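Listed below are the residues making up each chain.
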Amino acid sequence: VKDFMIIFQQPFSSVPTTDVPLDTIKLRLRLSTEELEELFFGILGKDAQKAVNKYFHDINSFIDSLSESDIDIKIDEVADALTDIDYINNGNAAVFGVPIDATFAEVHRSNLSKLDELGRPIFREDGKVMKGPKYSPPNLMPILEAYGYKSHE
């Protein structure tokens, strides 16, 4: 992931730090909620998706409204939360039988394909990396099938 961050000019630190700019904090929180919303959408039916979408919209509006005075980073609590999130994600993968190491490698490959035709990253105004013309979405179904998934269709 640090390779991705270097290639895509994303800020990172090699040592624990609380010196993180507000715009980076907001971006990382928005990215986290975006992926959590995708998890909800992957599990819920259309009607429930509409309901949950409103809540995520409200959370993102709150994130957008944050100011410097709202920030009080407690690095040990951040480390605990990030580690718990990783632990829960691995538990979720276990519940659904998702071979997370294999799917991670495919998503990483896909993310690296987001560069433009000159090998440069493309950014949304808030700093999120966008998909370039060479983008190739992750192809996860063959991986899932290789690990025994059988469609119920």
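Residues numbered from 1 in each chain as written. Predicted model: local features only at pLDDT ≥ 70, side-chain atom pairs only at ≥ 80, totals over all residues. Heavy atoms only, no water.

Enquirer: I keep staring at a nonpolar patch on the surface and nothing clicks. Help me out?
Expert: A cluster of nonpolar side chains, contributed by Leu 36, Leu 39, Phe 40, Ile 43, Val 95 and Phe 96, occupies part of the molecular surface with about 570 Å² of accessible area. For the nonpolar patch, the elements supplying multiple residues, two or more each, are helix H2 (22-43) and helix H4 (75-96). Here Val 95 shows up in helix H4. (Patch = residues over 30% accessible without salt bridge, like charges linked within 9 Å, V, L, I, M, F, W, Y side chains within 5 Å. Areas by Shrake-Rupley, 256 points an atom, 1.4 Å probe, with all protein chains shown as cover. Salt bridge = Lys/Arg side-chain N within 4 Å of Asp/Glu carboxyl O. Helix = DSSP H or I, 4+ residues; strand = E, 2+ residues; numbered from the N terminus.)

Enquirer: I would appreciate a short explanation of the packing of aromatic side chains in the present structure.
Expert: Applying the stated criterion across every chain yields a total of two aromatic pairs. Judged by centre distance (4.3 Å) and plane angle (25°), the rings of Phe 4 and Phe 8 are stacked. For the pair Phe 4 and Phe 8, a shared accessibility class is recorded, and that class is buried. Residues Phe 40 and Phe 56 carry aromatic rings whose centres are separated by 5.4 Å and whose planes lie at 70° to one another, so their mutual orientation is edge-to-face. One end of the pair, Phe 40, is in helix H2; the other, Phe 56, is in helix H3 (residues 46-65), and 16 residues separate them in sequence. A cation sits over an aromatic face here: Lys 54 above Tyr 55, 5.8 Å from the ring centre. (Phe/Tyr/Trp six-rings, centres within 6.5 Å; stacked < 30°, edge-to-face > 60°. Buried < 20%, exposed > 50% of the residue type's maximum accessible area, 1.4 Å probe, protein only. Lys NZ or Arg CZ within 6 Å of the ring centre and 35° of its normal.)

Purely geometric numbers; function is a separate question.
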